[in-house]
Amino acid sequence: QTPLYVANAMARVMTSGISNRGGGYPASEKAEKIVTEFREAVADLLDAPSPKGVIFGRSWTSLCYDMARNLSKGWKAGDAIMVTNLDHDSNIRPWVQAVQSRTGVELTTVHFDAKTGRLEPEAFRRSLETNAKKNKKTRLVALTGASNILGTRPNVKTIATIAHEHGALVWVDAVHLAPHAVVSMKDMGVDFLGCSSYKWFGPHAGVLAVKPQILQRISNDRLRPMQGYPHPDRFEFGTLPFEILKGITAAVDFIANIEALATGEKTRLSRRSRIVRSMTLVEQAERKLRKYAERKLSEIPEVVLHGSKASVRTPTIYFSVRGVPCRKVFSKLASRGVYVGAGHFYAMDASDHLGLGTDGAVRAGIMAYTSLDDIERLVGGVKAIARGD
């Protein structure tokens with residue numbers, strides 16, 4: 001869902017005077033300001049080390065592919081790249097294909113526990129140590145901040161520490177984490193962290209935050225006039241969509257104001273502090289609804305809840321109804337005005353590991369605007385389907 005606050009901010013850019021950057025006149029200076037504010041806003045949302053490491057992308061998937069191509073230029077025989085089978089395919093396939101393009105580079109996959117849905121730090125330690133014993137240098141560890149089907153939130157901070165001890169960079173997909181939790185790239189200690197702005201009230205786009213000192217070392221293909229461009233501009237091709245950047249900034253501001261909207265009280269705190277307070281409220285409200293929904297669904301004998309048993313995870317419920325194909329559950333709920341999804345949601349490796357194959361299961365997601373009535377209608381609909389209605 002996109003708030004009017006965000007849509008109106010985008011519309012104002014599109015219907016006012018604006019031009020390319022670097023012109024030295026008002027319309028050009030306005031464009032430059034929009035870009036600067038975008039980088040600052042994303043850095044605040046993700047608690048990134050610096051706005052100078054924030055990159056805009058058409059989508060998160062495109063950013064993954066772009067950076068996989070760039071990083072793989074420095075890989076050589078004897079190197080290894082590590083992924084997990086818990087991730088969305090956008091954080092698996094770009095790395096797999098980059099490895100395939102480099103002779104002698106190996107791919108290691110860390111598996112989650114299908115019974116608990118957890119992805120344990122020790123699994124990474126074992127894999128890293130195994131690579132080291134084989135004289136393989138692990139160059140990069142790519143993992144999710146939260147599973148988009150199970151809600152599992154790996155202990156990224158501990159995993160990053162282990163990876164860095166073995167000299168590996170750490171890349172985190174926070175697409176499913178950012179809408180539901182306070183995110184701190186600094187606290188996680190990771191080198192790359194990105195997400196999709198449409199997941200948190202913004203327009204369709206991707207953003208990536210990189211430690212500036214690492215970004216300085218990455219070489220990428222670019223046009224001749226771009227050779228002298230500073231970071232992060234050299235990773236953004238063509239004229240930037242200024243209205244999209246403005247929409248992303250507005251979405252971050254909207255998130256920062258959630259607490260004020262909920263309580264009616266405004267504060268003079270920094271935007272980052274307001275984001276933390278607002279997302280803490282969101283996380284608490286979503287957790288309460290998720291626990292209630294899981295309890296009510298678990299009371300239905302025909303329902304199977306898949307995945308994570310961890311108390312700290314995103315409010316994502318992945319379930320099946322015995323004897324009823326997930327697509328049928330999906331369509332029957334839709335006919336009742338309950339809109340959920342069904343399938344693997346591009347987490348194909350995770351779905352396979354759970355024994356669900358490409359059919360997957362039903363996913364019910366809870367957001368900041370989800371109500372108790374929404375949950376009651378979901379549970380009521382599933383009960384009716386289980387009865388054969």
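Going by the structure above, here's the rest.
Residues numbered from 1 in each chain as written. Predicted model: local features only at pLDDT ≥ 70, side-chain atom pairs only at ≥ 80, totals over all residues. Heavy atoms only, no water.

## Let's talk about the overall build of the chain
And then number 1: Looking only at helices and strands, one finds 14 helices and 11 strands in the chain.
And then number 2: Every one of the 389 residues in the chain was classed for burial, and the buried ones make up 55%.
And then number 3: Of the contacts made within the chain by residues no fewer than 6 positions apart, 69% connect residues no fewer than 24 positions apart.
And then number 4: For the chain, the accessible area works out to roughly 17500 Å², and carbon and sulfur atoms hold 51% of it.
And then number 5: Of the side-chain charges in the chain, 54 are positive and 38 negative, and the distance between the mean point of each set is 0 Å. (Helix = DSSP H or I, 4+ residues; strand = E, 2+ residues; numbered from the N terminus. Buried < 20%, exposed > 50% of the residue type's maximum accessible area, 1.4 Å probe, protein only. Contact = heavy atoms within 4.5 Å. Areas by Shrake-Rupley, 256 points an atom, 1.4 Å probe, with all protein chains shown as cover. Lys, Arg positive; Asp, Glu negative; His and termini not counted. Charge placed at Lys NZ, Arg CZ, Asp CG, Glu CD.)

## Regarding the side chain of Asn220
And then number 1: Of note, Asn220 is situated in the loop between α8 (212-215) and α9 (242-256).
And then number 2: From its side chain, Asn220 meets the backbone oxygen of Arg234 in a polar contact 2.9 Å long.
And then number 3: Not counting the four nearest positions on each side in its chain, Asn220 is found in contact with Asn70, Lys73, Arg234, Phe235 and Phe237. (Polar contact = N/O pair within 3.5 Å; in protein donor to acceptor, adjacent residues only side chain to side chain.)

## Brief notes about α9
And then number 1: An ideal rise of 1.5 Å per residue puts 21 Å on 15 residues; α9 measures up with 21 Å between its terminal C-alpha atoms.
And then number 2: Within α9, 13 of the 15 residues are buried, which leaves it mostly tucked inside the rest of the structure. (Expected span 1.5 Å × (residues − 1).)

## Some thoughts on the pattern of salt bridges
And then number 1: Following the criterion strictly, the structure yields 31 salt bridges and no others.
And then number 2: The residue Arg271 makes a salt bridge to Asp44 at a minimum N-O spacing of 2.9 Å. Highlighted residues: Arg271 in helix α11 (residues 271-298) and Asp44 in helix α2 (residues 26-46), separated in sequence by 227 residues.
And then number 3: By relative accessible area, which is 17% here, Arg271 ends up buried.
And then number 4: Lys186 is the partner of Asp47 in a salt bridge, and the nearest nitrogen-oxygen pair spans 3.6 Å. With Asp47 in the loop between α2 and β1 (54-57) and Lys186 in helix α7 (residues 185-188), this residue pair connects regions lying 139 residues apart in the sequence.
And then number 5: Ionic contacts of the salt-bridge type, sharing partners, join the residues Arg21, Glu32, Arg39, Asp233 and Glu236 into one network. (Salt bridge = Lys/Arg side-chain N within 4 Å of Asp/Glu carboxyl O.)

## With respect to the sheet that holds strand β8 (residues 303-306)
In any sheet, the strands associate via hydrogen bonds between backbone groups, in a parallel or an antiparallel arrangement.
And then number 1: Strand order across the open sheet formed by four strands is β8-β9-β11-β10, with antiparallel pairing between neighbours. Two strands bound the open sheet, and with one partner strand each, they are β8 and β10 (341-343). For this sheet, the mean angle separating the axes of adjacent strands, direction not counted, is 35°.
And then number 2: Where β8 lies against strand β9 (residues 316-321), four bridges are found, and the strand directions are antiparallel. Counterpart to Val304 in the pairing with β9 is Ser320.
And then number 3: Running at roughly 10° to β9, α11 makes contact with β8 and β9 of the sheet.
And then number 4: Helix α12 (residues 326-335) rests against β9, β10 and β11 (361-365) of the sheet, and its axis sits at about 170° to β10. (Pairing = 2+ DSSP bridges. Axes fitted to C-alpha atoms, helices over the stretch in contact; angles between N-to-C directions.)

## Things to note about the sheet that holds strand β3 (residues 106-110)
And then number 1: A sheet is described by the order of its strands in space; here seven strands give the open sequence β1-β7-β6-β5-β4-β2-β3, paired in mixed fashion. The open sheet has two free edges, formed respectively by β1 and β3, since each of these has just one partner strand. On average, each strand axis in the sheet is inclined to that of its neighbour by 20°, with strand direction left out of account.
And then number 2: One ladder, built from four bridges, connects β1 with strand β7 (residues 206-210); its direction is antiparallel. Paired with Val54 across the bridge in β7 is Ala209.
And then number 3: Of the strands in this sheet, β2 (79-84), β3 and β4 (137-144) are in contact with helix α5 (residues 121-133), which crosses β2 at around 160°.

## With respect to the nonpolar core
And then number 1: Residues Trp95, Trp171, Phe192 and Trp200 are the most contacted members of the largest nonpolar core, which totals 102 residues.
And then number 2: Per-element accounting of this core gives the leading share, 10 residues, to α9.
And then number 3: Counting residues in hydrophobic clusters, the runner-up holds 24 residues, among them Tyr292, Ile317, Val321 and Val362. (Core = buried A, V, L, I, M, F, W, Y, C linked by side-chain atoms within 4.5 Å.)

## Thoughts on helix α1 (residues 4-14)
And then number 1: Those residues of α1 that fall on the buried side of the exposure criterion are Val6, Ala9, Met10 and Val13. Mapping the buried residues of α1 onto a view down its axis gives an arc of 95°, with all of them on the same face. Counted as exposed and oriented over 90 degrees from the buried face of α1: Leu4 and Arg12.
And then number 2: Against the buried residues of α1 lie α2 and α9. (Arc of directions from axis to C-beta.)

## Section: the packing of aromatic side chains
And then number 1: Throughout the structure, instances matching the rule amount to seven aromatic pairs.
And then number 2: Ring centres of Phe38 and Phe56 lie 6.1 Å apart, and the angle between their planes is 80°; on these two criteria the pair is classed as edge-to-face. Within this pair, whereas Phe38 is found in helix α2, its partner Phe56 is found in strand β1, the two being separated by 18 residues in sequence.
And then number 3: Classification of Phe38 as buried rests on a relative accessible area of 0%.
And then number 4: Plain terms: the ring middles of Tyr318 and Phe345 are 6.5 Å apart, the flat faces sit at 65° to each other, and that makes the pair edge-to-face. Of this pair, Tyr318 sits in strand β9 while Phe345 sits in the loop between β10 and α13 (348-353), placing them 27 residues apart in sequence. Residues Tyr318 and Phe345 agree in their burial class; the two are buried.
And then number 5: Taken together, the aromatic side chains of Trp60, Trp75, Trp95, Trp171 and Phe192 make up a single cluster linked through ring pairs. (Phe/Tyr/Trp six-rings, centres within 6.5 Å; stacked < 30°, edge-to-face > 60°.)

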